[in-house]
Amino acid sequence: MRFLPVFLDLKAGPVVLIGAGELLRAKLRVLAAAGARLRVHAIDGNHDFGLGEAAGIDIATGDPMTADLAGVIAIVCAGAGDVGVAMSARAKSLGLPVNVMDDLEHSSFIFPAIVDRGDVVVAVGTGGTSPVVARRVREKIEALLPARIGELAEFIGGFRKSINERIAEFPLRRRFWERVIDGPIGAAVLAGRKSEADEALKAISDPSTFARADKPEGSVALVGAGPGDPDLLTIKALRALQDADIVFHDELVSGEILDRIRRDTTRVAVGRRVGKPGIGQDAINTRMIEAAQSGQRVVRLKGGDPFVFGRGGEEVEALRAAGIAYTIIPGITAGLGGAADFEVPLTYRHEATRITFLTAHKARDAENVDWSTLTDTKMTVVVYMGMTAAPAIRAGLFAAGRSPETPVGVFARVTRPDAQGAIGTLRDLPELVRQTHGGPAILIIGDVVRHAGSLRRETPKQILSDLLDAAE
Ligand code: SAH
């Protein structure tokens, strides 16, 4: 490491900025946004910086080589040519930090890529070797840091003095803040519920006892895993998977998504899958609650969205009844994943103005559906768990007066590499289901299916079998 990241106090004095053109203006924007007091030497004489009458910008007209640098905290040259090199020598002789843009040799400090979340600032550097790599690293950090992490730092800052006075020993103080940050109070700040967090922290009557409690407070996150493509996980879901001590997951959740769980996290498959009983909903609830009560951070990972045919409602009720702290992180439901994957717009001007998501698990359930509510031809119907009930669904929709010519799509394993679609009319529905080689699958019924894109999915397996067919 040649360059150590340190944080410069911009209140300590002005920064002198020297240069010309767009390079100068770009640096000026960065420094002005950070709140620097700037003294700008525009050596091309162009003082139109595009910042309006921004406060704190002082236009210097003299020669930077002879200008008074007393009190100046740093010198930055951007697009300054030879003047930059000369200024670098002058700065060094005065012991002033200097940066000459894109010129390591003449710089005593360099600008990192930064992630700026208020009081929380992350600097990423590559020792000047590759700003592009630094930017990529920054993007990754941007995606992982909670949006309100700066607010969390500010929140803690507000209580620091009083807690310092009430807990004398440093290690215990640290434990106190760890418990606050990792528990419901930290979660409330990150969720934007600052006054709730404020009250909860003020309600801690004895901070030392709170810090000493050997059991951390457990919690449960009900997380939607989406339909299969791991890149469709939300940033929040990914973060929950990374933080979890134990994950209870549905059988339906893809292996690629399970790969995103931290390696040392315990995984428990609790999956019900059609035709295969799981451990049962009551047992799932009990195990989740027990894990949280023992202080673990629990993730209940469910296919698609937890609140769409996922029994998330029952799990939340059980958690509430047990007094466990919980959060709900939505996921992309299979119907939306399938629509995007096969390019079926679920609504379309004049053609489809309503959407119904329904489940027809077994023929028996399909008989329980009130088909008379589905007569509207401008309604797109998305059916979950509808493979085996396909004939009953067809009969029900016919009874509701839907035309046998109504377009229908059967979309299996959507957003996964082996996704498969079959498109036809309501008349052919059972045949379309037969054409898809296994679920899970959703059915989309309605005129909008006409707009579907290509059904062809070039999976490695298909490509291979096509090649073999061609060779025969
Ligand atoms: N909570 C889930 C639904 C669970 S019910 C969600 O929001 O998606 C299970 C049903 O979801 C399956 O029978 C099937 O109809 C549908 N499903 C789940 N994953 C799917 C996928 N990758 N492709 C197609 N359908 C899927």
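Within any chain, residue numbers begin from 1 and follow the written order of that chain's sequence. Where local features are concerned, this predicted model is filtered to residues with pLDDT of at least 70; where side-chain atom pairs are given and counted, the filter is 80 or more; whole-chain, interface and lining totals use all residues. Just so you know, side-chain values use all the structure's heavy atoms and leave hydrogens and water out.

Thoughts on the overall build of the chain
Numbering goes from the N terminus for both helices and strands, where a helix is a DSSP run of H or I of at least four residues and a strand is a run of E of at least two. Assigned secondary structure in the chain consists of 17 helices and 17 strands. Atoms counted for the radius of gyration: C-alpha only. Globule rule: 2.2 Å times the number of residues to the power 0.38. For 472 residues, the compact-globule estimate of 2.2 N^0.38 gives 23 Å, and the C-alpha radius of gyration of the chain, at 30 Å, exceeds that figure by more than 25%. If you line up the chain on its principal axes, its C-alpha atoms span 90 × 60 × 45 Å. A 1.4 Å probe rolled over the protein chains alone gives each residue an accessible area, and that area as a share of the maximum for its type sets the label: buried under 20%, exposed over 50%, partly exposed in between. Buried residues in the chain amount to 42% of all 472 residues. We call two residues contacting when some pair of their heavy atoms lies within 4.5 Å. Taking as baseline every contact in the chain between residues at least 6 positions apart, the subset at least 24 positions apart corresponds to 63%. Using a 1.4 Å probe, accessible areas were evaluated by the Shrake-Rupley method; residue-level cover was limited to the displayed protein chains. A total accessible area of about 24,600 Å² is found for the chain, and carbon and sulfur atoms account for 54% of it. Here the chain carries 57 positive and 59 negative side-chain charges, and the mean point of each set is 3 Å from the other. Here the positive residues are Lys and Arg and the negative ones are Asp and Glu; neither His nor the chain ends is included. Throughout, a charge is located at the NZ atom of Lys, the CZ atom of Arg, the CG atom of Asp or the CD atom of Glu.

Some words on a nonpolar patch on the surface
A surface patch of nonpolar side chains, amounting to about 420 Å² of accessible area, comprises M1, L4 and V6. Assignment of secondary structure puts V6 in the segment before β1 (15-19). Patch definition: residues with relative accessible area over 30% and no salt bridge; like charges joined within 9 Å; nonpolar side chains (Val, Leu, Ile, Met, Phe, Trp, Tyr) joined within 5 Å. Salt-bridge detection follows one rule: a side-chain nitrogen of Lys or Arg within 4 Å of a carboxyl oxygen of Asp or Glu.

A look at the pairing of strand β6 (residues 113-117)
Each regular strand displays side chains that alternate between the two surfaces of the sheet. Here β6 shows one buried face, formed by A113, V115 and R117, and one open face, formed by I114 and D116. What makes two strands pair is DSSP finding at least two bridges between them. Across five bridges, β6 lies against strand β7 (residues 120-124) in antiparallel orientation. Paired with D116 across the bridge in β7 is V121.

A closer look at the site of the ligand
We call a residue near a molecule or strand when any one of its heavy atoms sits within 4 Å of it. Taken together, 18 residues sit near the ligand, with D305, V308, T333, A334 and A441 positioned nearest. Two N or O atoms form a polar contact when they lie within 3.5 Å of each other; inside protein one atom must be a possible hydrogen donor and the other a possible acceptor, and for residues adjacent in sequence the pair counts only when both atoms belong to side chains. Measuring from an oxygen atom of the ligand, one finds a backbone N or O atom of A334 at 2.8 Å. A441 has a polar backbone atom sitting 2.7 Å from an oxygen atom of the ligand. For the ligand, the accessible surface in isolation is 550 Å², of which the surrounding protein chains cover 92%. Classification convention: Asp, Glu, Lys, Arg as charged; Ala, Val, Leu, Ile, Met, Phe, Trp, Tyr, Cys, Pro as nonpolar; all other residues, Gly among them, as polar. Looking at side-chain class alone, the shell around the ligand contains 12 nonpolar, three polar and three charged residues. Marked domain ranges trace back to an automatic or database domain assignment. Two domains each donate at least three residues to the shell around the ligand, and these are domain 3 (219-332) and domain 4 (336-451).

Let's talk about the packing of aromatic side chains
What characterises a pair of aromatic rings is the spacing of the ring centres plus the angle enclosed by the ring planes. Pairs were defined over the aromatic rings of Phe, Tyr and Trp, the Trp ring being its six-membered one, requiring ring centres within 6.5 Å. Orientation was assigned from the angle between planes: stacked under 30 degrees, edge-to-face over 60, tilted for the rest. Evaluation of the coordinates by the stated rule reveals seven aromatic pairs. Relative to F210, the ring of F176 has its centre 5.4 Å away and its plane inclined at 65°; by these criteria the two rings are edge-to-face. One end of the pair, F176, is in helix α5 (residues 170-182); the other, F210, is in helix α8 (residues 207-212), with 34 residues separating them in the sequence. The two residues F176 and F210 agree in class, both being buried. In this structure an aromatic cluster arises from ring pairing among F176, W177 and F210. Taking NZ or CZ as reference, K27 lies 4.0 Å from the ring centre of F111, over its face. Comment: the charge-over-ring label is applied if NZ (Lys) or CZ (Arg) is within 6 Å of the ring centre and within 35 degrees of the ring normal. Above the face of the F210 ring, R179 is positioned so that its terminal group lies 4.6 Å from the ring centre.

Here we look at the sheet that holds strand β2 (residues 38-42)
If you trace the five strands from one edge of the open sheet to the other, you get β3-β2-β1-β4-β5, paired in parallel fashion. The open sheet is flanked by β3 (57-59) and β5 (98-100), the only strands paired with a single partner. Here the average twist between neighbouring strands, direction ignored, is 20°. Two strands pair when backbone bridges link them, and strand β4 (residues 74-78) and β5 are joined in this way by three bridges, in the parallel orientation. Bridged to I75 within β5 is V98. Axis definition: a line fitted to C-alpha atoms, over the contacting stretch in the case of helices. Angles run 0 to 180 degrees between N-to-C directions. Across the sheet, helix α1 (residues 21-33) is in contact with β1, β2, β3, β4 and β5; its angle to β1 comes to roughly 165°. The sheet strands contacting helix α2 (residues 82-94) are β1, β4 and β5, and the helix crosses β5 at an angle near 165°.

Here we look at the sheet that holds strand β11 (residues 297-302)
Whether parallel or antiparallel, the strands of a sheet pair through hydrogen bonds between backbone atoms. Strands sit in the order β10-β9-β11-β8-β12 across an open sheet of five strands; the sheet is parallel. One side of each edge strand has no neighbouring strand; the edge strands of this open sheet are β10 (266-269) and β12 (325-329). This sheet shows a mean twist of 20° between the axes of neighbouring strands, independent of strand direction. In this structure, strand β9 (residues 246-249) lies alongside β10, joined through four bridges in parallel fashion. Bridge pairing in β10 places F248 opposite V268.

A closer look at the pairing of β11
Extensive coverage of β11 is indicated by the burial of five of its six residues. Strand direction decides the pairing type here: strand β8 (residues 219-224) and β11, joined by six bridges, are parallel. Across the sheet, the residue bridging to S219 is R297, located in β11. Examined bridge by bridge, β9 and β11 share four bridges and lie parallel to one another. Across the sheet, residue I246 finds its bridge partner in β11, namely V298.

Focus: the domain arrangement of the chain
Annotation of the chain at the domain level lists domain 1 (15-111), domain 2 (149-212), domain 3 (219-332) and domain 4 (336-451). When each unit is reduced to the centre of its C-alpha atoms, the spacing between domain 1 and domain 3 is 53 Å.

Section: the pattern of salt bridges
Applying the stated criterion to the full structure yields 22 salt bridges. Ionic pairing is found between R148 and E151, a salt bridge with its closest N-O pair at 3.8 Å. Residue R297 is joined to D245 by a salt bridge in which the shortest nitrogen-to-oxygen separation is 3.7 Å. Highlighted residues: R297 in strand β11 and D245 in the loop between α9 (235-243) and β9, separated in sequence by 52 residues. You can call R297 partly exposed: its relative accessible area is 30%.

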